[in-house]
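Understanding the architecture of this molecule
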Amino acid sequence: SQQGEEDPQALSIQEGENATMNCSYKTSINNLQWYRQNSGRGLVHLILIRSNEREKHSGRLRVTLDTSKKSSSLLITASRAADTASYFCATDTTGNQFYFGTGTSLTVIP
Amino acid sequence: AAGVIQSPRHLIKEKRETATLKCYPIPRHDTVYWYQQGPGQDPQFLISFYEKMQSDKGSIPDRFSAQQFSDYHSELNMSSLELGDSALYFCASSSPRPNTGELFFGEGSRLTVL
């Protein structure tokens, strides 16, 4: 990865459970974003957290950011089968280049 | 709402051939980004353009070049294609600053090099 690692690489949970994915990055950032990608499709923006924020919510999504540890987590609550996808974090360092982590493949079993 | 349009969606080329991918950003978006995503890999940043000028450069091979035109569409030119260039190529755009920082992605162009 150009920027960092995500863990776990793969996650399989039952519908209704919560899913937590972690992302670590290497350099100072302006903001960190999470994207979702269905197989072979384009990436879709989920949520953005700025470097001066520690936690952010959007619907069933909760993102945390710890700049001292250079890490972020994405929590999806009450997961649904439709949440099955790959999830990537992306860091914005200069505003003109966004680097993606290695991604977590989430499978939600109905 | 209009999205990022990429063409062609699928492209098959032989080794050492040349390929050109096109990207039409969302209207009034002034920044375009190109990414390469191999099978099971994360998207790798290649290059970005802001207001028709190259802005940042990532892992773009010397065999590749790109530009952004006066109408803000962008083209990625790939020459001397190698088997390892087979990948999904994504274009993304973002709105003028100050913006939300969100990238809007196209559906990608799948390049297969035989």
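Look above for the structure.
This part covers the nonpolar core. Counting 22 residues, the largest nonpolar core has B:W34, B:L76, B:M78, B:Y89 and B:L111 as the members making the most contacts within it. Looking at this core, the elements with two or more residues in it are β3 (19-24), β4 (31-37), β5 (44-50), β7 (64-68), β8 (74-78), β9 (87-94) and β11 (109-113) of chain B. Setting aside its immediate chain neighbours within four residues, B:L76 contacts B:A19, B:T20, B:L21, B:W34, B:L46, B:I60, B:F64, B:S65, B:A66 and B:Y89. A:I29, A:Y87, A:C89 and A:V108 belong to the second-largest nonpolar core, a separate cluster that totals 21 residues.

Within the structure shown, the criterion is met by two disulfides over all chains. Residue A:C23 pairs covalently with A:C89 via a disulfide, S to S 1.9 Å. Between A:C23 and A:C89 the disulfide shows an S-S torsion of about 65°. By sign, it is right-handed. Placement of the pair is A:C23 in strand β3 (residues 19-24) and A:C89 in strand β9 (residues 85-92), with a sequence separation of 66 residues. Side by side, A:C23 and A:C89 carry an identical accessibility label, which is buried. Residue B:C23 pairs covalently with B:C91 via a disulfide, S to S 1.7 Å. Where B:C23 bonds to B:C91 through sulfur, the torsion about that S-S bond is close to -55°, and the disulfide is left-handed. Taken together, the residues B:C23 in strand β3 and B:C91 in strand β9 connect sequence positions 68 residues apart.

All names here are of chain B. Counting buried positions over the seven residues of β4 gives seven, a clear majority of the element. Here β4 shows no split at all, with T31, Y33, Y35 and Q37 on one side and V32, W34 and Q36 on the other all buried. Alignment of β4 against β5, held across six bridges, turns out to be antiparallel. Bridge pairing links V32 to F49 in β5. Counting the residues between successive antiparallel strands, the hairpin from β4 to β5 contains six residues, one of them, G40, with a positive phi of roughly 70°. In terms of strand pairing, β4 meets β9 through seven bridges, oriented antiparallel. Bridging from a neighbouring strand, Y35 pairs with F90 of β9.

With that settled, the discussion passes to the pattern of salt bridges. Residue and element names in this part refer to chain A. Going through the model one piece at a time under the given rule, you end up with six salt bridges over all chains. With a closest N to O distance of 2.9 Å, R60 and D83 form a salt bridge. Taken together, the residues R60 in the loop between β6 (55-58) and β7 (61-66) and D83 in the loop between β8 (71-76) and β9 connect sequence positions 23 residues apart. Owing to a relative accessible area of 23%, R60 belongs among the partly exposed residues under this scheme. Residue D83 is classed as buried on the basis of its relative accessible area of 7%.

Each value, and the rule that gives it
Residues numbered from 1 in each chain as written. Chains lettered and ligands numbered in written order. Predicted model: local features only at pLDDT ≥ 70, side-chain atom pairs only at ≥ 80, totals over all residues. Heavy atoms only, no water. Core = buried A, V, L, I, M, F, W, Y, C linked by side-chain atoms within 4.5 Å. Buried < 20%, exposed > 50% of the residue type's maximum accessible area, 1.4 Å probe, protein only. Helix = DSSP H or I, 4+ residues; strand = E, 2+ residues; numbered from the N terminus. Contact = heavy atoms within 4.5 Å. Disulfide = S-S within 2.5 Å. Pairing = 2+ DSSP bridges. Salt bridge = Lys/Arg side-chain N within 4 Å of Asp/Glu carboxyl O.

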